[in-house]
Amino acid sequence: MRLVVLIIAAVLVVGAGLAIVRSMWGMRAPLARGATSGTETLWLFLPLLMSVALVAWTAWVMP
Amino acid sequence: MDRLGDAVSTAAADAAAAPRGILRDLIVLTKPRIISLLLVTTVCAMFAAEQGVPGGWLIVWTLIGGYMSAGGANTINQYVDRDIDAVMGRTDRRPIVMGRISAGGALAFGLGLVVASVLVLGFLTTWLAAMLSLVGVALYVGLYTLWLKRTTIHNIVIGGAAGAIPPLVGWAAVTGDLSFGAVLLFAIVFVWTPPHFWALALMLERDYDEAGVPMLPVVYGEEATRTQVLLWTLVMLGTTLLPFAAGAGVIYLVGALVLGLPFLWMAWMLWRGDDTRPWASITFHYSLAYLALLFVVVAVDAVV
């Protein structure tokens, strides 16, 4: 049961996360001083990386 | 003589009302309505950390310290943002903008609250909780308000980390450390923030535009924002399932689904774009109740 829920969660988190990155890839133009395309790319990928790590960590600790 | 008497009594009433007015303005500066939701996540995280009911005084001191910490951060935020608050209809009646509280006075009040919160949490709960609350202030003021808010469309995504700190504070106040359960609660608030805030931004698009704040709907329009609300709601729904996979009970799983599926439906209706404003309002207001109730479910699941 917990494994099924984990798989569903992983599909939702990773699938939607990748869709977010794909849909916002073209929106990385720096808007103001203090923003660069590098930082914009970092902000775009950071939540996805965190989510993937969270799913992996959950699989690791799953009872 | 009657006129003189009226003038004297009016002056006396004004003098008596002035301290009450200042006190009210100071409370307004802390944004008590926003803090109430943060404190719900703090207390419920304490129940989860304890796997039962934490001590009453521990809850009281954590709430007081948490209020002062968040209140201090909110006050400093209004000091920094007083220029854009003045041009936004939602914020143009705030105490600093209206001149009822001086900018310097507000900054001193905010910094004082932050210092006091560290002392209260440190001496009366745990020093880890105190340090985490300080990290929350740094993220909100430094990362979000001073850097990201005016420079990137990802402002509320990354800045959402600040609002996700309170569950960590609550957890650390009970155990003195952080475990995976605390990380999951942090993540839930973090991924809840984009659909919550972008729904609000859809309602206040013109305000943000006039203030020059690069919120997503201002820069890339409503359609892009509606899509992001839906996608982030899916990420949020998936993230809320992780605690069950990690060991939470069936009560939590049922609660997460019962609360999360209506959120997804609202995000879907918003994404369709037939009535953006009404659905943005519905999604935003539901998101507030959603987070509070989800954390109540976390607490109930821990106690039962």
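As a starting point, this report considers the structure included with it. (Residues numbered from 1 in each chain as written. Chains lettered and ligands numbered in written order. Predicted model: local features only at pLDDT ≥ 70, side-chain atom pairs only at ≥ 80, totals over all residues.)

What to know about the overall build of chain B
The following threshold applies: The helix count covers DSSP runs of H or I at least four residues long, the strand count covers runs of E at least two residues long, and both are numbered beginning at the N terminus. Atoms counted for the radius of gyration: C-alpha only. Globule rule: 2.2 Å times residue count to the power 0.38. Field definition: a residue is buried when 20 or more other C-beta atoms are found within 10 Å of its C-beta, exposed when 12 or fewer are, and partly exposed for counts in between, with C-beta atoms placed from the backbone.
Secondary structure assignment for chain B yields 14 helices and zero strands. For chain B, the N- to C-terminal ordering of α and β elements is α-α-α-α-α-α-α-α-α-α-α-α-α-α. Taken against the 2.2 N^0.38 rule, which gives 19 Å for 304 residues, the C-alpha radius of gyration of chain B at 21 Å falls within 12% of a compact globule. If one aligns the C-alpha atoms of chain B with their principal axes, the spans along those axes are about 75 × 50 × 40 Å. Per-residue burial for chain B yields a buried fraction of 56% across its 304 residues.

Observations concerning unusual backbone geometry
Residues and elements named next belong to chain B. Of note, the phi angle at Lys31 is positive, near 55°, even though the residue is not glycine. Its place among the elements puts Lys31 in the loop between helix H1 (2-29) and helix H2 (32-50). Non-glycine residue Gln51 carries a positive phi angle of around 55°. Inspection of the secondary structure assignment puts Gln51 in the loop between H2 and helix H3 (56-80).

Observations regarding the nonpolar core
Cut-off, in case you're wondering: To define a nonpolar core, we join buried Ala, Val, Leu, Ile, Met, Phe, Trp, Tyr and Cys residues through C-beta atoms within 7 Å and take the resulting set. Placing C-beta atoms from the backbone, we regard two residues as in contact once those atoms come within 7 Å.
Residues A:Ala9, B:Phe186, B:Ala201 and B:Val235 are the most contacted members of the largest nonpolar core, which totals 122 residues. If one sorts the elements of this core by residue count, helix H10 (residues 180-203) of chain B sits on top with 17 residues. When neighbours within four sequence positions are excluded, B:Phe186 is seen to be in contact with B:Ala164, B:Pro167 and B:Leu168.

What to know about the packing of helix H6 (residues 103-124) of chain B against helix H7 (residues 127-148) of chain B
All names here are of chain B. Put simply, the rule is: Note on geometry: axes are C-alpha line fits, over the in-contact stretch for helices, and angles between N-to-C directions span 0 to 180 degrees. Each angle is binned into one of four classes, with values under 35 degrees roughly parallel, values over 145 roughly antiparallel, values of 65 to 115 roughly perpendicular, and all other values oblique. Handedness of each helix crossing follows the sense of rotation of the near helix against the far helix: counterclockwise by less than a right angle gives left-handed, clockwise gives right-handed. We call Asp, Glu, Lys and Arg charged. Ala, Val, Leu, Ile, Met, Phe, Trp, Tyr, Cys and Pro are nonpolar, and the rest, Gly among them, are polar.
One way to put it is that H6 packs onto H7 with a least axis distance of 7 Å and a crossing angle of 155°. Compared by their axis directions, H6 and H7 come out roughly antiparallel. Crossing angle aside, the handedness with which H6 passes H7 is right-handed. The residues of H7 that touch H6, namely those facing Val114, Ser117, Val118, Leu121 and Gly122, are Trp127, Ala129, Ala130, Ser133, Leu134 and Val137. Residue classes in the contact of H6 with H7 are distributed as eight nonpolar, three polar and no charged.

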